[in-house]
Amino acid sequence: MAKVLVVTSGKGGVGKTTSTAALGAALAQRGEKVVVVDFDVGLRNLDLIMGAERRVVFDLINVAQGVAKLSQALIRDKRLESLWLLPASQTRDKDALTDEGVRDIIADLRTKFDWIICDSPAGIERGATLAMRYADEAVVVTNPEVSSVRDADRIIGMLDSKTVKAEQGEQIKKHVLITRYDTSRAARGEMLNIDDILEILAVPLLGIIPESQDVLKASNVGSPVTLNNAGSQPARAYIDAARRLSGETVDMVVPTEQRRGFMDRLLGRRAA
Amino acid sequence: MDAKVEPQRQVMRLRGRSYVAFVFSPFMPIMNWLEEIDATLAQSPGFFAGRPIVLDLAAVELSSHGVAHLVSSLETRGIRVLGLEGIEPDGLDPKLPPVLSGGRGCVVEQVEPKKVEVQPPPPAPSLLLRSPVRSGQRIVYTEGDVTVLGSVGSGAEIVAGGSIHVYGTLRGRAMAGINGNSDARIYCQKIEAELLAIDGYYQTAEDIGETLRRQPAQAWLDGDVLRITPLN
Ligand SMILES: Nc1ncnc2c1ncn2[C@@H]1O[C@H](COP(=O)(O)OP(=O)(O)OP(=O)(O)O)[C@@H](O)[C@H]1O
Ligand SMILES: [Mg+2]
């Protein structure tokens, strides 16, 4: 059965778009049929990270308004045949998207894909609430830093009240993804530690993605990091996270500064 | 997105109280009606002392001057009028008591001024929250106690008429006894609160001692001082 996953955060610039692309590609590499949907209307980015910006003809809003058919707007990835992109519009504003429009598109995508991954815009306004509205599961992206964690807490509250699932009295399944985890700053105690973040958010951990040049390199060439350099630290962390999303139990590793310590286990903590 | 530090003082100090007021409904001729008042006062002087009195003028037609005269006739009898009812406020002398609305009738059972009847308070209702209260959420429950099975996030707020119990870390704001209940308390398993208030008296995170932080604690009112003490 299709799963609708929203990647959200509240705070901007924490790594939602990077994570949407990386998780989408990792799931597709496992043979799942995946579409990544850009909800950041007016500030679209996902097409760049996916390297598809020069192939965009129609977008989410065209489909929502009935100007184009879904099949005309979907763009198939050149590297992975089971990975698709539904781009956002760069020219419209967020008000062009309606609740009914999103509902119909999501319902349609459910019939065609295993995973529908929605890249949410930052904030708590309409764009973000529409991106989460029809989700079954959520990846809440946070950096190990106080304001980001507080915004994540706020978003979790919205996931538990503003989604269709929540309104029907069901629980939306939530995961925390800690990104931009800087190993050298962590070693100096300059960041919130992982246990504190999990204690504050009280949501299971999906993965810890280290701060890494490999992420920038991948986005510069328009490729999800899991495709561009699958052996890199961030790619391996995303691949593990994707396995956890599909229900596998994978030991959690906390990224550490020295390569040798990389496999250190976070004892007793199981994946979401 | 970031929760702003808004001064909450006005909100907290603004409290409601309800009193039972006697409603006088004068009839014509006013002289006869005043005689009845005098008769009551002769039987039990101080009958109306310390009681809020409201004048319902619906049954009489009085000019603004007539109303002022009636109010002062009552004042000479030691009866001070709190407010007026059943009359249009326009054209009245602004020095007169205000015109009230929205009063509801009730039965006054005990009018003897001295005797204070102690009634057992009805069982206080309570609200149970089974999941954490997240940043940005505001729970307002003026009817009684609020219990949270989980933490209260930074930037979240709980407002309760009674006490507040947090089985988790209290990182946000908690305001107990909001309707003037100074016996209300705040309990939590771990205190990292941004603000604690009981019956309008409050302390911010800065006031909470470093030694208490992250400990189980309770807050209560000692006169008009909000005290925060360890819970063990
Ligand atoms: N693990 C990482 N290591 C280094 N840089 C990263 C990492 N993750 C993300 N970044 C960088 O951080 C910036 C923001 O990332 P991204 O665009 O994915 O965030 P976002 O949450 O989608 O932002 P917005 O809220 O604006 O949509 C980008 O420049 C990205 O390359
Ligand atoms: Mg983005």
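On a predicted model such as this, the values are computed, not experimentally measured, just so you know.

Colleague: Just to check I follow, could you spell out the confidence of the model for chain B for this structure?
Modeller: In low-pLDDT regions, the fine details of the predicted coordinates are not to be read closely. Residue and element names in this part refer to chain B. Mean pLDDT for chain B: 82, with 82% of residues reaching 70 or above. Note on residues 1–11: pLDDT is under 50 here. Beyond four places in sequence and across chains, it has ten contacts. For this predicted complex, the interface confidence reaches an ipTM of 0.72, while the overall pTM sits at 0.71.

Colleague: Quick question: what am I supposed to make of the site of ligand 1 here?
Modeller: All names here are of chain A. The local shell around ligand 1 holds 15 residues, among which Gly 13, Lys 16, Thr 17, Thr 18 and Arg 180 are the closest. Contact distances for ligand 1 include 2.8 Å between an oxygen atom and a side-chain N or O atom of Thr 17. At 3.0 Å, a backbone N or O of Pro 210 approaches a nitrogen atom of ligand 1. Alone, ligand 1 offers 630 Å² of accessible surface; in the complex the protein occludes 81% of this. Contributing elements (two or more residues each) for the shell around ligand 1: α1 (16–29) and α11 (213–220). In terms of residue count, the dominant contributor to the shell around ligand 1 is α1 (three residues). The residue makeup of the shell around ligand 1, split by class, is five nonpolar, six polar and four charged.

Colleague: Just checking my understanding: could you explain the interface of chain A and chain B for this structure?
Modeller: For interface size, the figure often reported is the accessible area lost on association. In this assembly, 13 residues from chain A lie in contact with 16 residues from chain B. Of the roughly 1300 Å² buried at the junction of chain A and chain B (both faces included), carbon and sulfur atoms supply 42%. When the buried area of chain A at its contact with chain B is split by residue, A:Arg150, A:Arg154 and A:Glu199 rank highest and sum to 46% of it. Between the two partners, chain A and chain B, sit four salt bridges. The closest approach of N and O atoms between B:Arg171 and A:Glu199, which form a salt bridge, is 3.1 Å. Along the contact surface separating chain A from chain B lie seven residue pairs in polar contact (both at pLDDT 80 or more). Mapped onto the side of chain A that touches chain B, the elements with two or more residues apiece are α7 (146–162) and α10 (194–201) of chain A. Looking at the side of chain A that touches chain B element by element, the count peaks at six residues for α7(A). The residue inventory of the side of chain A that touches chain B, partitioned by class, reads six nonpolar, one polar and six charged.

Colleague: Where do I start with the environment of B:Gly78 in this structure?
Modeller: Residues and elements named next belong to chain B. Checked against the element boundaries, Gly 78 lands in the loop between α3 (64–76) and β3 (81–85). Classification of Gly 78 by relative accessible area gives exposed; the value is 56%. In this structure, the C-alpha to C-alpha distance between Gly 78 and Glu 36, residues 42 residues apart in sequence, is 15 Å.

Colleague: Hey, could you run me through the packing of aromatic side chains in this one?
Modeller: Two aromatic rings, taken as a pair, are described by how far apart their centres are and by the angle between their planes. Enumeration according to the criterion identifies two aromatic pairs over all chains in this entry. Aromatic pair B:Phe24 and B:Trp33: ring centres 5.9 Å apart, planes at 75°, arrangement edge-to-face. Like B:Phe24, the residue B:Trp33 is buried in the burial classification. Between A:Lys33 and the ring centre of A:Phe113, over which it is positioned, the NZ or CZ distance is 5.0 Å. Lying over the aromatic face of A:Tyr134, A:Arg133 brings its terminal NZ or CZ to 5.9 Å of the ring centre.

Colleague: Mind showing me how you'd approach helix α13 (residues 233–245) of chain A here?
Modeller: Three- or four-residue spacings in an α-helix give side chains the same orientation, since the helix completes a turn every 3.6 residues. Residue and element names in this part refer to chain A. With 13 residues, α13 should cover 18 Å at 1.5 Å per step; its first-to-last C-alpha distance of 19 Å lies within 8% of that length. Of all 13 residues in α13, ten are buried, a share of seventy percent or more. Inspection of α13 places Gln 233, Pro 234, Ala 235, Ala 237, Tyr 238, Asp 240, Ala 241, Ala 242, Arg 244 and Leu 245 among the buried residues, and these make up the whole buried set. At the exit of α13 stands Gly 247, carrying a positive phi of roughly 100°.

Colleague: Just to check I follow, could you spell out the sheet that holds strand β12 (residues 201–204) of chain B for this structure?
Modeller: Each strand in a sheet pairs with another by means of backbone hydrogen bonds, the pair being arranged parallel or else antiparallel. All names here are of chain B. With mixed pairing, the five strands of this open sheet are ordered in space as β5-β7-β9-β11-β12. The sheet is open, and its two edges are formed by β5 (138–141) and β12, each paired on a single side. Each adjacent strand pair in this sheet contributes to an overall mean axis angle of 5°, direction not counted. Across four bridges, the pairing between β5 and strand β7 (residues 157–160) is parallel. Residue pairing across strands places Tyr 141 opposite Ala 160, the latter belonging to β7.

Colleague: Could you clarify how one ought to interpret the sheet that holds strand β14 (residues 225–230) of chain B in this entry?
Modeller: Residue and element names in this part refer to chain B. Strand order in the open sheet formed by six strands is β4-β6-β8-β10-β13-β14, and the pairing between neighbours is mixed. Strands with a single pairing partner mark the edges of an open sheet, and in this sheet they are β4 (126–129) and β14. When the angles between neighbouring strand axes are averaged without regard to direction, this sheet yields 20°. Across three bridges, strand β10 (residues 186–191) lies against strand β13 (residues 217–222) in antiparallel orientation. Residue pairing across strands places Tyr 187 opposite Gln 218, the latter belonging to β13.

Colleague: How do you make sense of α7(A) when you look at a structure like this?
Modeller: All names here are of chain A. When the terminal C-alpha atoms of α7 are compared, their 24 Å separation across 17 residues agrees well with the 24 Å that a helix rising 1.5 Å per residue should span. Turning to α7, its buried residues are Ser 148, Val 149, Asp 151, Ala 152, Asp 153, Ile 155, Ile 156, Gly 157, Met 158 and Leu 159. Of the surrounding elements, those touching the buried residues of α7 are β1 (3–8), α6 (126–133), β6 (137–142), α8 (164–167), β7 (173–181) and α10.

Colleague: What exactly am I supposed to notice about the domain arrangement of chain B here?
Modeller: Considered domain by domain, chain B is made up of domain 1 (22–85) and domain 2 (126–230). For domain 1 of chain B versus domain 2 of chain B, the separation of C-alpha centres amounts to 47 Å.

Colleague: Teacher, can you tell me more about unusual backbone geometry here?
Modeller: Note on backbone geometry: most residues besides glycine have negative phi, and most peptide bonds are trans. A cis geometry characterises the amide bond from B:Met28 onward to B:Pro29, with omega recorded as -10°. Residue placement: B:Pro29 occurs in the loop between β1 (22–24) and α2 (30–43). For A:Ala202, which is not a glycine, the phi torsion comes out positive at approximately 50°. Note on placement: A:Ala202 falls in the loop between α10 and β8 (205–210). Take A:Ala202: its relative accessible area is 52%, and that puts it in the exposed class. Unlike most non-glycine residues, B:Arg214 shows phi in positive territory, near 70°. Mapped onto the secondary structure, B:Arg214 falls in the loop between β12 and β13. Residue classification places B:Arg214 among the partly exposed residues on the basis of a relative accessible area of 40%.

The rules behind these values
- Residues numbered from 1 in each chain as written.
- Chains lettered and ligands numbered in written order.
- Predicted model: local features only at pLDDT ≥ 70, side-chain atom pairs only at ≥ 80, totals over all residues.
- Heavy atoms only, no water.
- pLDDT = per-residue confidence, 0-100.
- Contact = heavy atoms within 4.5 Å.
- Near = heavy atom within 4 Å.
- Polar contact = N/O pair within 3.5 Å; in protein donor to acceptor, adjacent residues only side chain to side chain.
- Areas by Shrake-Rupley, 256 points an atom, 1.4 Å probe, with all protein chains shown as cover.
- Helix = DSSP H or I, 4+ residues; strand = E, 2+ residues; numbered from the N terminus.
- Nonpolar A, V, L, I, M, F, W, Y, C, P; charged D, E, K, R; others polar.
- Buried area = accessible area lost by both parts, 1.4 Å probe.
- Salt bridge = Lys/Arg side-chain N within 4 Å of Asp/Glu carboxyl O.
- Buried < 20%, exposed > 50% of the residue type's maximum accessible area, 1.4 Å probe, protein only.
- Phe/Tyr/Trp six-rings, centres within 6.5 Å; stacked < 30°, edge-to-face > 60°.
- Lys NZ or Arg CZ within 6 Å of the ring centre and 35° of its normal.
- Expected span 1.5 Å × (residues − 1).
- Pairing = 2+ DSSP bridges.
- Axes fitted to C-alpha atoms, helices over the stretch in contact; angles between N-to-C directions.
- Domains from an automatic or database assignment.

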